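One-letter residues, chain by chain:
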Amino acid sequence: HRLYWDGMDEAYSLDNPDNFIQTSAELTSTACLLRDLDRNPQAGLRMDRVVLLRTNSTECEFAASLVKQIMESPFYPVRGLLPEGGVHLDRIPDAGNEFYGLGDALLDIIAKHRNDERDRIYFNVTGGYKGVAAFIGMLAQKYGARVYYQHETSRQPVYFAPDLRMGGSSATWNIGPC
């Protein structure tokens, strides 16, 4: 991963999804989202923190800690768009019987990281389990959160607004004050 991010130049830009398979989908999609929010200041949207969700599995623990380390490294091209200490890790229930606690776990995580009721919430559902992404979509629609998804081979992300509109830029999320 470090070679990918350290070697970031025109050939390995965030605009070339042919190279995305060399690193994690969570890293590329979050970098593209942060860059888009920065390029569209008129939308008035920004990101104050990133919360990486992980389960108890060894693989998930490793992947989440690696993603966090890279996001906090000087090699991550959009690192300056996050405040210092802006990347956090939190646990969600694993597949199986624990999975039925996902709703409560997500609401607890939101409450823990949300400073104010007017804060906007963005869910990046790129990567992870389909069941979690489906549930996050329902939760986002119910509570007015925004959802972002970028397929690993796509230059164009998909933005889902709380009013169920879809679009190709963060302007889709500009639906007025919360």
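Here goes a summary of the coordinates provided. (Residues numbered from 1 in each chain as written. Predicted model: local features only at pLDDT ≥ 70, side-chain atom pairs only at ≥ 80, totals over all residues. Heavy atoms only, no water.)

Now for the packing of aromatic side chains. In total, this model carries three aromatic pairs according to the counting rule given. Ring geometry for Y148 and Y159: centres 5.0 Å apart, planes at 70 degrees, overall edge-to-face. One end of the pair, Y148, is in strand β4 (residues 146–149); the other, Y159, is in strand β5 (residues 158–160), with 11 residues separating them in the sequence. Y159 shares its class with Y148; the two are buried. Judged by centre distance (4.9 Å) and plane angle (75 degrees), the ring pair of Y159 and W173 falls under edge-to-face. Taken as a pair, Y159 in strand β5 and W173 in the segment after β6 (166–167) lie far apart in primary sequence, 14 residues in all. Residue classification places Y159 among the buried residues on the basis of a relative accessible area of 1%. Grouping aromatic residues by their ring pairs yields a cluster made of Y122, Y148, Y159 and W173. (Phe/Tyr/Trp six-rings, centres within 6.5 Å; stacked < 30°, edge-to-face > 60°. Helix = DSSP H or I, 4+ residues; strand = E, 2+ residues; numbered from the N terminus. Buried < 20%, exposed > 50% of the residue type's maximum accessible area, 1.4 Å probe, protein only.)

A word on unusual backbone geometry. Here L164, not a glycine, exhibits a phi torsion of approximately 75 degrees, which is positive. The topology assignment puts L164 in the loop between β5 and β6. On the basis of relative accessibility, which here comes to 63%, the residue L164 falls in the exposed class.

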